[in-house]
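Here's the letter readout for the chains.
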Amino acid sequence: NTSATFALRGRTLAFRDDPFRVPPDQTIATEEDGAVVIAAGRIVEVGPAAEVLARHPGVAVEAYDGGLIMAGFVDSHAHYPQMEIIGSYGEQLLEWLEKYTFPTETKYADYQYARAGAEAYLDGCLSNGITSACVFAATYPGSVDALFEAALARGMRIATGKNMMDRHAPAALCDTAASGYDQSKALIEAWHGRGRLVYAVTPRFAITSTPEQLEAAGALWREHPTTLMQTHMSENLAEIAWVRELYPDAPDYLGVYESFGLIGEGTNFGHCIHLTEREIARLTESGSAVSHCPTSNAFIGSGLFDMKGLRDCAAPIRVGLATDIGGGSSLSMFDTMKAAYEVAQLRGYSLHPVKAFWLATLGSAGALRMDDRIGNLAAGYEADVVVLDLESTPLIRRRMRTVETLSDALFVQMILADDRAVRATYVAGEKLYDRDQASAER
Ligand code: GUN
Ligand code: ZN
C-alpha cells in the first residue's frame, strides 16, 4: 500500500543491543537528521534522512525540527479502572485496596461506565506517548470488552484480562473458580489475536484467589499458551505474611503460583520487591517476567525494587517498567523512569538513562513477549512511535544548554519532562495524538 507510505524526519533514537549487557552508550543508534519511513502500519526503514528519502522519492514527509523520534513507550503493568483513584491518600496496600480500589472497581460492572473509563485511559496513554500496555481490567467481562473495543478502534496493541478473584473482596467484585474460568475462556475466544489485541489470564493475586481458582487459572493458561498471565507478587510485607497463612504448604509466594503452573515464559509478575533467593532463581530459570512499578511502590509505601540484583547482574530476569496506575501516581513514563532512578539511588545503584529508556520501551515489550514487533525504531517493527520535544519547558531548555551527549539529554528528560514533551504519538503509523492540536482544542 504505497499511498499509505510516509516519512517522519527528525533526530532518531533506536536500540541495537541490550544496555544491561553492552556499555549503554554503545547500544543506541541515533541520526541527527534522520528519517523513518512507514508503510501500512510498519516501519520500512530508519536512517540518515538524505539517504533514506532519496530511496523514496516523492514520499510525504512530516518534519519535526528539534524532535526526537523513538519507539512509543510500553507500560507493562497498569489498572485502567483505577485511573480515577490515582493519588488516594494515606494507606498501604491491603487497606488501600479495601478503602479505594475495590469500591471503585465495582463501578466497572456498568459497561457504559467502563467504556468511558477505557477511552479516558487510552487517550491518557497516548498523550503520554504510551502506545502499548498490559492492563488489569475489573472482574466483569464487560470491563474487558470495553477496553478491547476502545483499543481496537485506536489500533493499539493492548493486553488485558478480567480479574479472577473469588475471595477476600466485596461479593460484588468476586467471581468463582468456575465462572472466572468460563468468563475468561469466552473472552479469549472473543478477543485474543483480534487486530493487535492479546489476552492476559489475570488472577489478581494469591490473596483474592482460592486454590481452586488458581488451579483453574493455571489450566486456562495451559490451554491457551499464546496468552499472557499477569498477577501481583511480593509487593508488601503484610501481603506476603497473609499469603504464607493462606498457603502454608508453599515454600514462598512464587511457590504458590508455581504449584498451579503459573510461572514461565509469558508470565508477568507485578512488583516483586521482597523476593527470596529461591524465588529469584526460579524466576530467572523459568523465563518469567517482572514489572517494576516504582511510583506505586513509593506511593503505597511498598518498598525498593532491586534493579541491580534482578536485571543488572549475571543472570538477569526479564523486567518491564510500569506505571501501575492507580497505585502508581503518574501516567507518565518520564515520572516512572525518574522514580526508578530514585529508588535505585536509595539502594546505591545508578540507573543509566539509556537503561531507563530501554526498560520503558524494549524491556517492557520483552516482558510481554512482544519485543520482536514493538519497542524499537527498526525496519519490520510496528510503527508505534513517539516524537519528543527535548526543550518542552523553560527549565528543561535551560538545563539542556549544559548537555553534551544524547544520554545526558535523555537523563534530563527522564528527570524533568512530562506530557508537554510529547509532541506526537503514532500508533501503527496513524497519528493519534498531536500536542499542538490538542492544546489548540483545549
Ligand atoms: N495487589 C492486588 N491487587 C492490586 C492492585 O490493584 N494494585 C496493586 N498495586 N497491588 C495489588
Ligand atoms: Zn497492579
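Computed from a prediction, not measured in an experiment: that's the story for all the values here.

Quick word on the sheet that holds strand β15 (residues 422-427)
As summarised here, the arrangement of the seven strands in space is β3-β2-β1-β4-β14-β15-β16, forming an open sheet in which the pairing is mixed. In this open sheet, the two strands that pair with only one neighbour each are β3 (42-48) and β16 (430-434). Going from strand to strand, the sheet's axes swing by 35° on average, the running direction of each strand aside. Relative to strand β4 (residues 60-71), strand β1 (residues 6-15) runs parallel, the two being bridged by six bridges. Residue pairing in the sheet places Thr-12 in a bridge with Ile-69 of β4.

Side note on the site of ligand 1
Taken together, His-79, Leu-93, Leu-97, Thr-101, Arg-204, Phe-205, His-232, Glu-235, Ser-296, Asp-324 and Gly-327 form the complete shell of residues around ligand 1. In terms of residue count, the dominant contributor to the shell around ligand 1 is helix α3 (residues 93-106) (three residues).

Considerations on the UniProt feature "domain: Amidohydrolase-related" (unreviewed entry) in the chain
According to UniProt, the "domain: Amidohydrolase-related" (unreviewed entry) feature falls on residues 69-430. Taken end to end, residues 69-430 comprises 43% helix and 17% strand; its first and last C-alpha atoms sit 15 Å apart.

Here's the deal with α3
Counted at 1.5 Å a residue, the expected span for α3 with its 14 residues is 20 Å, and the 18 Å between its end C-alpha atoms agrees. Along α3, the sharpest kink reaches roughly 35°, centred on Tyr-100 and followed within four residues by the proline Pro-103. Here the buried face of α3 lies against α8 (237-246).

What about the nonpolar core?
With 145 residues, the main nonpolar core has Val-36, Val-135, Leu-147, Ala-340, Leu-377 and Val-385 as its most contacted residues. Split by domain, this core shows at least three residues from each of two domains, domain 1 (2-71 + 376-441) and domain 2 (73-367). Those residues within four positions of Val-385 in sequence are excluded, and the remaining contacts are Leu-8, Val-36, Ile-69, Ala-71, Gly-72, Leu-377 and Tyr-426.

How each quantity is defined
- Throughout this document, residue positions are counted from 1 along each chain, in the order its sequence is written.
- Lettering of chains starts at A and numbering of ligands starts at 1, both following the order in which they are written.
- Per-residue local features are limited, in this predicted model, to residues with pLDDT of at least 70; the limit for side-chain atom pairs, both in listing and counting, is 80 or more; totals at the level of whole chains, interfaces and linings are taken over all residues.
- Any two strands are treated as partners once DSSP identifies two or more bridges connecting them.
- Each helix is a run of DSSP H or I of at least 4 residues and each strand a run of E of at least 2, with the numbering of both proceeding from the N terminus.
- To get an axis, fit a line to the C-alpha atoms, keeping to the stretch in contact for a helix; angles then go from 0 to 180 degrees between the N-to-C directions.
- Using the backbone to place each C-beta atom, any residue with that atom within 6 Å of a molecule or strand is considered near it.
- UniProt positions are given in the numbering used here, feature names are shortened, and annotations may be inferred rather than shown by experiment.
- Multiplying 1.5 Å by the residue count of a helix minus one yields the expected span of that helix.
- Consider a residue and the seven residues that end there alongside the seven that start there; fitting an axis to each set, the bend is the angle between those axes.
- We call two residues in contact when their backbone-placed C-beta atoms lie within 7 Å.
- Core membership is restricted to buried Ala, Val, Leu, Ile, Met, Phe, Trp, Tyr and Cys residues, and these are joined into a nonpolar core through C-beta atoms within 7 Å.
- Exposure is read from a count of other C-beta atoms within 10 Å of each residue's own; the residue is exposed at 12 or fewer, buried at 20 or more and partly exposed in between. C-beta atoms are placed from the backbone.
- An automatic or database domain assignment supplies the residue ranges for each domain.

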